[in-house]
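Chain and residue survey
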Amino acid sequence: HATAARWAARARGRAGGRALFVWAVLGAALALAPWGGAAAREPACAPAHLDETVRVAKVHDGDTLQLADGRKLRLIGVNTPELAREERPAQPLAEAARDALRRRLGPRARLALHYDRQRRDRYGRLLAHAFHEGRNLSAWLLRRGYGAVVAVPPNLDYHECYRRSEQEARAQGRGIWRLPYYRPLATTALPPGTEGFRFIQGKVLRAGESRRSLWLNLEGGVALRIARKDLVYFGDFDPRRYVGRHIEARGWLHRQRGRLVMQIRHPFALRLR
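Residues numbered from 1 in each chain as written. Predicted model: local features only at pLDDT ≥ 70, side-chain atom pairs only at ≥ 80, totals over all residues. Heavy atoms only, no water.

1. Notes on the pattern of salt bridges
- The tally for this structure, following the rule as stated, stands at 22 salt bridges.
- With a shortest N-O distance of 2.8 Å, D69 and R71 are connected by a salt bridge.
- On the basis of relative accessible area, D69 is assigned to the partly exposed category, the value being 49%.
- The exposure class of R71 is buried, given its relative accessible area of 19%.
- Between D230 and K229 there is a salt bridge, and its shortest N-O distance comes to 3.7 Å. (Salt bridge = Lys/Arg side-chain N within 4 Å of Asp/Glu carboxyl O. Buried < 20%, exposed > 50% of the residue type's maximum accessible area, 1.4 Å probe, protein only.)

This is how it looks when you write it as structure tokens:
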């Protein structure tokens, strides 16, 4: 196929033998993939480049895989519901997301990986955009409503594609988007023990600054933190413009010095209501 040939030529000029092998594997997968029907309507998340091929040993959950070489892979751009852990029950559709990914991959699936700017997270997991039979797995999960987009700089390749995939799932009420659990929670009425990845909404009472961060303080004692190092992604951002406005945010809530804090890494995670 002409497309696969062009990609192989680009890989040869850029990285030599190893990259050429990766492109050849993906090119064959693309040539054989069933692009008609529903597949043809999927958002275009074709790889800008590929770095490595790997085999999957186990699917831990909807966004985390164990590779055959022992490494743990966290998919970039998507956050799926959390499975039960210790005393915390599973979030709705957590098992469904994991099982769907297992069925999609089958046993010992081969993946092609595109590394972004940061290859490891703070837990030591490998971070990558993963492609299986020519399909971007993060976009595949998002389009079916098995998770929500997360934008974590500097790993922002394919962000626009992921955003469109989520928009389609939300518009069609698929997966998590049909469940009340995933609707934004009012910051004045958060259930006791609310932590982890959540959608919240509330009125901004005041804005503040510290040496390393800007802050938006919401009613109900919840604070949104924007690190100064991430302001490069926010353009002309002035937190004072948000005071008195109602805002919706997505991200990980954690308790810090007696209050709930959500770190906002990218403007995608904020929406004025």
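2. A look at the packing of aromatic side chains
- Applying the stated rule across the entire model yields 8 aromatic pairs.
- Ring pairing ties together the aromatic residues W177, F197, F199 and W252, which thus form one cluster.
- We note R198 situated over the ring of Y181; from NZ or CZ to the ring centre the distance is 4.3 Å.
- The ring of W215 is capped by R259, whose NZ or CZ atom sits 4.8 Å from the centre of that ring. (Phe/Tyr/Trp six-rings, centres within 6.5 Å; stacked < 30°, edge-to-face > 60°. Lys NZ or Arg CZ within 6 Å of the ring centre and 35° of its normal.)

3. So, the state of the cysteines
- Summed over all chains, the structure comprises 1 disulfide.
- Put simply, C45 and C161 are joined by a disulfide, and their sulfur atoms are 1.5 Å apart. The chirality of the disulfide connecting C45 with C161 is left-handed, given an S-S dihedral of about -60 degrees. With C45 in the loop between α2 (17–32) and β1 (52–61) and C161 in helix α5 (residues 159–172), the pair connects residues that are 116 residues apart, well separated along the chain. The two residues C45 and C161 agree in class, both being buried. (Disulfide = S-S within 2.5 Å. Helix = DSSP H or I, 4+ residues; strand = E, 2+ residues; numbered from the N terminus.)

4. A short note on the confidence of the model for the chain
- With 84% of its residues at a pLDDT of 70 or more, the chain shows a mean pLDDT of 86.
- Below pLDDT 50 for its whole length, residues 1–41 participates in 49 contacts with residues either more than four positions away or in separate chains. (pLDDT = per-residue confidence, 0-100. Contact = heavy atoms within 4.5 Å.)

5. Things to note about the nonpolar core
- The biggest cluster of nonpolar side chains holds 33 residues, and the ones touching the most others in it are L65, L73, L105, L111 and L113.
- Elements with a minimum of two residues in this core: β1, β2 (64–67), β3 (72–75), α3 (94–105), β5 (110–114), β6 (126–132), α4 (137–143) and α5.
- Per-element accounting of this core gives the leading share, 5 residues, to α4.
- Grouped together as the second largest cluster of nonpolar side chains are 21 residues, L218, V222, I226 and F237 included. (Core = buried A, V, L, I, M, F, W, Y, C linked by side-chain atoms within 4.5 Å.)

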